Each structure stands twice: as structure tokens, then as C-alpha cells.
Amino acid sequence: MSKRNPVYDFKWCPGCGDFGVKVAIEQALAKRAIERQESVEKSAIIAGIGCSGNLVHLQEGPQPFGIHGIHGRTLPIAYGFKSNRPDMNVLVVSGDGDFLSIGAEHIGPQARRNLDITVVVMDNGIYGLTKGQASPTTEFEVVTATTRYGKLDDRMHPLEVYMGLGVPYIASEMSSRVKQLGEAIKDAMDYPGFSIVHVQSPCTTYNDTYALLKGDEKKGIEPLAFPIPEEHDVTDLDAARKLVTGKRIPIGLIYKRAGESVPGHERLRLAKERTKATQAPVERLLAAMTI
Amino acid sequence: MSNNLVVRFAGEGGQGVVGGAELMAAAAAQGGYHVLTFSTFPSQIKGGPAWGQARISSEPTLTPGDYLDVLVAQNRYAYDFNIAELREGGIVVFNSEEFELEDTSRALGLPADKMAREAGNPLASTIILIGAVAQMAGVDLSALEAFITKRWTRGRAGDEQIVSGNIAALRMGAEEAIKSGLKLEQLEAPKPDTTTRILIRGYEAACLGAIAAGLDSFIGYPISPATTMLVYMEQNLVGPDKFVGQASSEIESIASLVGAGFSGKKVMTSTAGPGLSLMGEGLGLAWMAEIPLVVADVQRGGPATGLPTKTEQSDLICAINPGHGDMSVPVIAPGDPEEAFFAAAKAVNWAERYQGPVILLTEASIAERAQDIPMPDVSLISQESRIVSDGSVGNLRYKGDSVSPFPVPGGPGAYVANGSEHDEQGDTTHLPEVHVAMTERRFAKLKTLNDSTYESEGPGEIILLPWGGSKGAARAAWLELQAEGVNIGWRYTMFVNPLPEALLAELRAAKLVLVPELNYLGQFSGILRTLDVNARSITQYTGLPFKVADLKSEVRTRMASASEVRA
Ligand SMILES: Cc1ncc(C[n+]2csc(CCOP(=O)(O)OP(=O)(O)O)c2C)c(N)n1
Ligand code: SF4
Ligand SMILES: [Mg+2]
């Protein structure tokens, strides 16, 4: 059930990290609308398939446009949408399976196009909606429905992957830090280019990582997540690489490419201006073929 | 006197045989003839057997021609491979630098490359060959010279030299023909024609039709034989609000097209069989979420990689049902370049009108064909746009039992375009009654596509009903059968799904409907049988188009076989 639609029957499990992400996105969109004095209808959420993607139906308050499409294709949908409507603010929400497994092939192209969109990846290290199979970010040796001996594949480190693929803006957050997450998403939306906010959003039913992320001082368990040191220079590629290498997960803004970011649609506009390309009428194109 | 000249340039990929046929056709068209080309080559840049064929006629042409008047053979293999198709009295022009023929009573050995090199114009060997062929067929050389002058006068410094060099090459070829004493039945002079005609390729016609209908955006991934459309759009769809993009796969092109269509724009992609397979899920999304978009599928041969550069009509079933689940995608399959122009425009308009995906189903032989057609009347093309929501229904985008107003992002009526089954505002639901209502709504929308037309001539008991690119050969066969007194009717439409209602009624009333189609399964006749039509296919799956003579004899055989005719 959602406030806007009482018959809508999807529910997240109690404690699911996705609740926090939803609120953070509502806050980010609302803040952006106020700042720019435009309606939330100038934003669109493009959602993947998974527990995570249902966020698009659960938005409360003023409604953005949405697409809830097919598994793994949020980025190409966003590519076609934003390229044709640079005036729209485009937010992608996607799970770790949706974005990093079936949809992984699309990250590189959008990074290279510097598509001006923001992606919020809701990483719970598991396939939630299909009931608990291993995802690329499930830890090594963890037993899931499809890894009876414990996961035999190495774990993917998404932040490293993003760096490798040339994503120009990378932030890392946790669903439990709603306020900071909202700000991180808002900042990412303000960045004129391809930005990813990778969120640890635990699945309480199939892969509850809250305790791991937080650690346990008394038991001497080091938290998986750690705050990025104040002195980190986000434009320093090597420093960012160092930050994302290793088992632990840095939280905060990791990387923002130095220099001005010219997004894909702007590159095209400038190229058209430079070449003075104009649309020839069909009649003229046909007339050129006259015998 | 003959009203036809069919010339085949055969050799290896990279030897310019396709270009030779096209140049010959363009020159003849300039001289006032009707022309039509066909080419076939392997999927490689250099080597492998390739040929290009030009048909030049004083009458409008329907096919590239069953038999050759002239075979231009660049090597021994090309000669051996193609000689069976030379008609009696035909002439071989062979590359005597490569091989010799024992019997030269109807053959002319020309070392065209060497002659061109020695004349200091190495690129002119094709023109030497054209000169020889034209001379033997009695084509007026001055018209060809006028063509050369026009083609190579491009406002550049060396123009004059190139023009005179090429004219000299043309005459050199003609000289050799005169010396040999070889002659073909002389080609009739072209008939005077006051209509404006253009020489256009099928893919150009399809692109221009879509642009004429107001296309905004084109996103595609290279694949033979559909790449030409992507390239043409990149070159020609360039206005300030237009967007053309190269996707990183067909999965990406169809998904991005969904995003583009959702954004409110008129959008299209082109692909061929392998890409269409990859687009299945995305096309389902467009059907389900009700997003207007057009996919041009330029058919090639076979499943998987198949025959990338050959022609076939084996994607029909996949086009109508490209993905899983209940759907029936509208399919328009033009029969020639002229139809391709109007078909593409209609595809864009249909997508806008019923708010869903439409497939423009062409094939290699049409896309690559160059043909002279009357200048299309662009004013006949309407530009339909989807009904747009003014916000009065709020976010109830999927309200009602047929087409409903489309909320454009940024404007009022924010909703979720949903590929899962959904309620009126696009929220996911699993309720049986909603799935029933929404499924019926999606199919009911097809009823708005009720402006399709068809051709109907002759009796209705036994009918010849080709589709797509087999139209030309079937039409030529039918015209000859008619003249020979065979009692068979002609029906044709490019609107293969949904079929025009009145046509379907005619087909149902027939005792036998013969469907020539280039596939093994007999795909269209199979579909027609499910619609209660007694349809039987005449199939061919060689990667090449039908020959008229083959079709004629098959039609006669099938009409005589009582077992197929419904009582
Ligand atoms: C093409 C396709 N393959 C498989 C599925 C089934 N499927 C639905 S969601 C999902 C995985 C979801 O995992 P994730 O993206 O991590 O989302 P979560 O549920 O964890 O939020 C899968 C495999 C599908 N819908 N479509
Ligand atoms: S299964 Fe996991 S991810 Fe899905 S709603 Fe429940 S807690 Fe959240
Ligand atoms: Mg997940």
C-alpha cells in the first residue's frame, strides 16, 4: 500500500534498507524542486526490477514521472530519455543484481557519454525479490539459495568497478543515514554529468548486514563501513582509487573528476552549433535524387 | 528491339561489382530508362563471390530480371558460377587479364583494369565495361556522357579532367565492342516521361518517410543489412531538437528507444534478425507500458548469425510476436522502395496513434535496391501525434478500454510507465480482473489502426497473395499468367498485421490463397490459416529473391493439384 494508491499491494519487509532510500530521494527531489522553483514533475525516476525498483511506486508527496521497466535496463532507458529531454532531471534507482549483474554492460557506455543522470544503487548483496540468491556483491563463502557450498565466486567491489569504467562522480552512502543520503543524492543530481550514489541498503530477510556495516566494538568487530577522512581530495584519482581498494566500504564522496564536466547532451548541442548542422526538409533531400 | 537489358557484374567482394551495377543503373536512369538493382555478396569486405545486377528497361520494372543479357565476369569462378543464368543470345564480357575463354563467339575479353591504368585513369575500369555493354545493347552513349559530366562536376579543381577522362574511358569500352562485332538485341529508346522521377534506395526511402512523418530521434546498433539506415539518419536527422545515437547493443537501443518514446518524442531504430531477437523483451515493455516507437527490421537470412548479407522473409512470426506473453505487434512490410517511403511514415503515425511499438519489416533486397520511382508526394504524408494529456485525468494514464491521453514528462499527470501489469495510474498489480481489463485494453487499441489499404484485382476463388519484397516477382508472374488466361486473382497489402478487415474477408472466401514467401516454414500462410484462410505457401530459402519463371510454373502446378483447393 502506498499513501497515493491504497490498492497498491507491494510492501518492503520491516527494517528493509530501501525505506531509508525512499525518504532520502523524496527529500532530495523536494529540495531540488524548491531550489530551482520547478515542479517535481520535471523529474523522472527510472527504476529497475527488484525489491529496490518498487521505490518508484512508493514515493510520497508531489509525484515525479516514473518508468518501471525491465530487469537491468535502467541505464539505456535513461540514455534515450535524457538525450531527448535534457530539460528533465533523471534519477535511476536500481538493485545490485539489476545494476551490477544483468545490467552491468550499460555502465561503461553511460560513463563515457557522461550522461547527465544520477544513479542510486541499492546494494543489499543479494537478490531480494527472487528470494535470496547470490548477487555480484554477496560476500565470498556466504551460503545463499544458489551457493550451497558458500559463494565460490569472488565478491565484486562496485566502487572499484565504477572507477575503472570512468564514472566521473562516485559517492557511497548507507540507507540508515537518511539525511546524509538525501544530501548526497541532491549533490549528485546537481553534478552536470554521470553520477552514482552507491548505497548500502541491507535486506533484513535474506542478507542482514546492518551489524557488519556497523561493527561491534565490544566484540572487537571492525565496522565494514568507515567515514572518508576529511582531508580526502575528491578530485585526486589515485587517492580515490586507494580509498575504494580493500574490503572495507568508505562512506562519503569518493571521486569527482577534476575540471569542468560537459554532459553528453551539451556535447551534442555544442557540436551542432559548431558545425551549423541544420535539418534539410524531406522535399530537398528527395529533390537531390531527381533523375 | 528489346525493352529490357539485364547486366550482371560478377567477381569478388572489393572488386566494385556492386558499384558497377549501380553506376550503370544510375547512368541509364539519367538517360531516361527505368532501372532496378539487386546485389548479393558475402559478409566480408574483400574476396568471396559477389555480384551486382542492373535491369534497364523502357518499361517500369518489377524485378531485377530472371536471366542475364550480359554477364561481366571478373574471374573464372564468377564465370562458372553465373553462366547458367545467361540467356540464349547473351554476351559475356570477361576480364582477359584473369582468364581466357575458348569459345569467344559470344564473348568479349577486355583487360579493363589494364586499359584504365594505361589511360592514366585507374579508377575508370568500370566505366570502360559500361561503355562496352552500352554499345553492344545500343544504348545512346551521349546520354551516358551527360551522366558522367553531371556526376563528376562537383565544383572542384580537377573536375574537368575527371569528366573528360571518364568520357574517354566510356568511348574506349564502346570502341572495343564495335571492334568485336558483338551485338545484343538492341534496347528500345526510353519512352518520354514528363513526371519527375528520382533514383532512390530502399533504405533511403524508409528513412525519409519516417522523417517526413516527423521523426525526432533514432538510436541503433550497426548490423547488416540495417546499418545503412543508422548511418543515413546520423547524416540527415540533424535538427536542433533531433537526436541520433549509436547504442552499445540492440538491448540498449530498444531500451533507450522506450525511454525516448516515453519522453514524448517520435522515435525509431533499425535492426536485422539477431538484433530483433535481442529486442524481444524491450518490445514487450513498449507494448505493456504503451510507448510509441518504431523498429525497422531489415530481414536477412537464417537464425543466429545466419546469412548476414542475403535476403529472406523469415522474421515475420518474430516481428508480430517478438517477445514472450500476449502481444501482437503491428507490422507494415513494404514491397518496394516507393512503398517503403509511405510505409515508414505510416509506421511512425501508427505508433503515435495506438501508442505502442510498430515494426517496419523490410528485407535486404528492398533496402539495398536502387530503383527509379515517381517523386513521392510529401504532402500526402500526415504527421500524427499521440493524444497528449492535459492533466484533466490526473495520473490515470491507463484509464479506459482503449487509447487514452499520454502524459508528457515535465507536464501534468505524473504516472509510472510500467512493464509489470498495472492499474490505471501505472502501479503494479496482480489482480486477475485488472490483468483481464488491461490485456483487453492493449489489444483493443489495435482497432484504431483501421486505415490500411490493399490491392484487389481479378477473380477471388484462387488468389495470389505475396507479401513484402516478393511482391515484384509475384506481380510480374501474375501479369504473365493473366495474359496467358490463367484464372487467378491478385491481392496484396503491406499491412500484414493487423490485416485490413475487408481483405481478410476476401481471403476467407477464397478456395485457395497461394503465398509466395522467402522462408522454409511458410510463415505468412501459417498465420493466415489460423485466421481461417485456406492459404498455402510457395517457399524458397536460397538467400536470393524469386525468379518470375519459377513462380509461374509453381503457381500452375499448385492450381492443378486438387488437394490444396478448398471445396
Ligand atoms: C530478464 C529477467 N531475468 C530475471 C528476472 C527475475 N528477477 C527479478 S528481480 C531479480 C533480482 C533482483 O535483485 P536486485 O537487483 O539486487 O534487487 P533487490 O530485490 O535485491 O532489491 C531477478 C533475477 C527478471 N525479472 N527479468
Ligand atoms: S526481501 Fe530484502 S530487499 Fe526485499 S523487501 Fe524484504 S528486506 Fe527488503
Ligand atoms: Mg539486491
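All values derive from a computational prediction rather than experimental measurement.

Each value, and the rule that gives it
Residues numbered from 1 in each chain as written. Chains lettered and ligands numbered in written order. Predicted model: local features only at pLDDT ≥ 70, side-chain atom pairs only at ≥ 80, totals over all residues. Heavy atoms only, no water. Helix = DSSP H or I, 4+ residues; strand = E, 2+ residues; numbered from the N terminus. Rg over C-alpha atoms; globule rule 2.2 N^0.38 Å. Buried < 20%, exposed > 50% of the residue type's maximum accessible area, 1.4 Å probe, protein only. Near = heavy atom within 4 Å. Polar contact = N/O pair within 3.5 Å; in protein donor to acceptor, adjacent residues only side chain to side chain. Areas by Shrake-Rupley, 256 points an atom, 1.4 Å probe, with all protein chains shown as cover. Nonpolar A, V, L, I, M, F, W, Y, C, P; charged D, E, K, R; others polar. Contact = heavy atoms within 4.5 Å. Buried area = accessible area lost by both parts, 1.4 Å probe. Salt bridge = Lys/Arg side-chain N within 4 Å of Asp/Glu carboxyl O. Pairing = 2+ DSSP bridges. Donors = N, O, S within 2.8 Å, 3.2 Å for Na, K, Ca; no water. Domains from an automatic or database assignment. Core = buried A, V, L, I, M, F, W, Y, C linked by side-chain atoms within 4.5 Å. Axes fitted to C-alpha atoms, helices over the stretch in contact; angles between N-to-C directions. Patch = residues over 30% accessible without salt bridge, like charges linked within 9 Å, V, L, I, M, F, W, Y side chains within 5 Å. pLDDT = per-residue confidence, 0-100.

Is there a simple way to explain the overall build of chain B in this structure?
Within chain B, the secondary structure is distributed over 19 helices and 21 strands. Taken over the C-alpha trace, chain B has a radius of gyration of 26 Å; the compact-globule value for 567 residues is 24 Å, and the two agree within 12%. A principal-axis box enclosing the C-alpha atoms of chain B has dimensions of 85 × 65 × 45 Å. Among the 567 residues that make up chain B, the fraction classed as buried is 61%.

Help me out: how do you make sense of the site of ligand 1 in this one?
Around ligand 1, a shell composed of 17 residues is seen, among which Cys51(A), Ser52(A), Asp96(A), Gly97(A) and Asp98(A) lie nearest. Two or more chains meet at ligand 1, and those chains are chains A and B. At a separation of 2.7 Å, an oxygen atom of ligand 1 approaches a polar backbone atom of Cys51(A). One of the backbone nitrogen or oxygen atoms of Leu129(A) is found 2.9 Å away from an oxygen atom of ligand 1. Taken by itself ligand 1 offers 590 Å² of open surface, and the protein chains cover 76% of this. The element contributing the most residues to the shell around ligand 1 is helix 4 (residues 96-102) of chain A, with four residues. Of the residues that constitute the shell around ligand 1, the class distribution is six nonpolar, eight polar and three charged.

Just checking my understanding: could you explain the site of ligand 2 for this structure?
Close to ligand 2 lie Trp12(A), Cys13(A), Cys16(A), Cys51(A), Asn124(A), Cys203(A), Thr204(A), Thr205(A) and Tyr206(A). Considered class by class, the residues forming the shell around ligand 2 number six nonpolar, three polar and no charged.

I'm lost on the interface of chain B and chain A in this one. Help?
Often, the extent of an interface is quoted as the loss of accessible area on bringing the components together. Of the residues lining the interface, 65 residues belong to chain B; the matching set on chain A comes to 46 residues. Of the roughly 4,500 Å² buried where chain B meets chain A, counting both sides, 61% is carbon and sulfur surface. At the boundary of chain B and chain A, one finds one salt bridge. Its salt-bridge partner being Glu252(B), residue Arg113(A) comes within 2.8 Å of it at the nearest N-O pair. The interface formed by chain B and chain A contains 26 residue pairs in polar contact (both at pLDDT 80 or more). If you tally residues by element for the side of chain B that touches chain A, the top one is helix 9 (residues 250-262) of chain B, at seven residues. In the side of chain B that touches chain A, the residues fall into 31 nonpolar, 24 polar and ten charged. Across three bridges, strand 2 (residues 65-68) of chain A lies against strand 15 (residues 416-418) of chain B in parallel orientation. If you follow His68(A) over to strand 15 of chain B, its bridge partner there is Asn418(B).

Any chance you could explain the coordination of the magnesium ion (ligand 3) here in plain terms?
The reference angle at a metal is 109.5 degrees if four donors form a tetrahedron and 90 or 180 degrees if six donors form an octahedron. All names here are of chain A. Each protein donor to the magnesium ion (ligand 3) is listed here as Asp96 (OD), Asn124 (OD1) and Ile126 (O); together their distances run 2.0 to 2.2 Å. Taken in chain order, the donor set of the magnesium ion (ligand 3) reads D-x27-N-x1-I. You can see aspartate 96 sitting in helix 4 and its partner asparagine 124 sitting in the loop between strand 4 (118-123) and helix 6 (158-165), a full 28 residues away along the chain. Given a relative accessible area of 2%, aspartate 96 falls into the buried group.

Looking at this structure, I do not really get the domain arrangement of chain B. What am I missing?
All names here are of chain B. By domain assignment, chain B separates into domain 1 (4-180), domain 2 (199-373), domain 3 (387-450) and domain 4 (455-566). Once you take the C-alpha centre of each, domain 2 and domain 3 turn out to be 24 Å apart. At the boundary of domain 2 with domain 3, the tally comes to three salt bridges. Residues lysine 445 and glutamate 290 are paired through a salt bridge, measuring 3.2 Å at the closest nitrogen-oxygen approach.

Which parts of the structure should I look at to understand the nonpolar core?
Within soluble globular proteins, side chains that are nonpolar tend to cluster in buried spots. Counting residues in each nonpolar core, the largest one holds 159 residues, and the members touching the most others are Tyr162(A), Ile254(A), Leu208(B), Met233(B), Met268(B) and Leu293(B). Per element, the largest residue contribution to this core is ten residues, and it comes from helix 13 (residues 337-354) of chain B. Ignoring any residue separated from it by four or fewer positions in sequence, one finds Leu208(B) in contact with Val282(A), Leu285(A), Leu286(A), Met289(A), Ile200(B), Tyr232(B) and Phe341(B). Judged by nonpolar contacts, the second largest core, of 51 residues, contains Ile127(B), Leu129(B), Ala134(B) and Val139(B).

Just to check I follow, could you spell out the pairing of strand 6 (residues 195-200) of chain A for this structure?
Looking down a regular strand, the side chains alternate between one sheet face and the other. Residue and element names in this part refer to chain A. The buried fraction of strand 6 is high, at six of six residues. Side chains Ser195, Val197 and Val199 of strand 6 all project onto a buried face; the interleaved residues Ile196, His198 and Gln200 project onto the opposite face, where all are buried too. Here strand 4 pairs with strand 6 via six bridges, running parallel. Pairing of aspartate 123 across the sheet is with glutamine 200, part of strand 6.

Explain the environment of Met115(B) here, please?
Residue and element names in this part refer to chain B. Topologically, methionine 115 is positioned in helix 3 (residues 112-118). Sequence separation between methionine 115 and phenylalanine 41 is 74 residues; the distance between their C-alpha atoms is 26 Å. If we skip the residues at most four places from it in the chain, methionine 115 touches Leu110, Ile128, Met172 and Glu176.

Help me understand the sheet that holds strand 8 (residues 249-256) of chain A in this model?
In a beta sheet, neighbouring strands are held together by backbone hydrogen bonds and run either parallel or antiparallel to one another. In space, the nine strands of this open sheet follow the order 7(A)-8(A)-5(A)-6(A)-4(A)-3(A)-1(A)-2(A)-15(B), with mixed pairing throughout. The sheet is open, and its two edges are formed by strand 7 (225-227) of chain A together with strand 15 of chain B, each paired on a single side. Geometrically, the sheet is characterised by an average inter-axis angle of 20° between neighbouring strands, direction not taken into account. Note: strand 1 (residues 43-47) of chain A against strand 3 (residues 89-95) of chain A, five bridges, orientation parallel. Note on strand 3 of chain A: the bridge partner recorded for Ile46(A) is Val92(A). Packing of helix 3 (residues 74-84) of chain A onto the sheet brings it into contact with strand 1, strand 2, strand 3 and strand 4 of chain A, and relative to strand 3 of chain A it is tilted by some 175°.

In this structure, what is going on with the side chain of Thr311(B)? I would like to understand it.
Here Thr311(B) is to be found in the loop between strand 11 (293-299) and helix 12 (316-320). Apart from residues lying up to four places away in sequence, Thr311(B) is in contact with Glu363(B), Ala364(B), Ser365(B), Leu518(B), Gly543(B), Leu544(B) and Pro545(B).

When you look at the pairing of strand 3 (residues 49-57) of chain B in this model, what are you seeing that I'm missing?
Residue and element names in this part refer to chain B. Of all the nine residues making up strand 3, eight are buried; the element is thus mostly covered by neighbouring parts of the structure. In terms of strand pairing, strand 2 (residues 34-40) meets strand 3 through seven bridges, oriented antiparallel. Following the sheet pairing, valine 35 is matched in strand 3 by isoleucine 56.

Can you help me understand the sheet that holds strand 20 (residues 512-517) of chain B in this one?
Residue and element names in this part refer to chain B. Reading across the sheet, the five strands line up as 16-18-17-20-21 and stay open at both edges, with mixed pairing between neighbours. Pairing within the sheet leaves two strands with one partner each, and these edge strands are strand 16 (455-457) and strand 21 (535-539). Here the average twist between neighbouring strands, direction ignored, is 25°. Strand direction decides the pairing type here: strand 17 (residues 462-464) and strand 18 (residues 489-492), joined by two bridges, are parallel. Pairing of isoleucine 463 across the sheet is with glycine 489, part of strand 18. Sitting on the sheet, helix 17 (residues 501-509) is in contact with strand 16, strand 17, strand 18 and strand 20, with an inclination near 145° to strand 18. Along the sheet, helix 19 (residues 548-560) makes contact with strand 17, strand 20 and strand 21, crossing strand 21 at roughly 145°.

Any chance you could explain a nonpolar patch on the surface here in plain terms?
Residues and elements named next belong to chain B. Judged by side-chain polarity, Ile317, Tyr520, Leu521 and Tyr541 come together as a nonpolar surface patch covering roughly 480 Å² of accessible area. For isoleucine 317, the location among the structural elements is in helix 12. Under the relative-accessibility criterion, isoleucine 317 is labelled partly exposed at 41%.

Just checking my understanding: could you explain the confidence of the model for chain B for this structure?
The predicted coordinates should not be examined in detail at positions where pLDDT is low. Residues and elements named next belong to chain B. Mean pLDDT over chain B: 96, with 100% of residues reaching 70 or higher. When mean pLDDT is compared element by element in chain B, strand 12 (residues 331-332) scores highest at 99, while helix 3 scores lowest at 92. Quick note on the complex model: pTM equals 0.97, ipTM equals 0.97.

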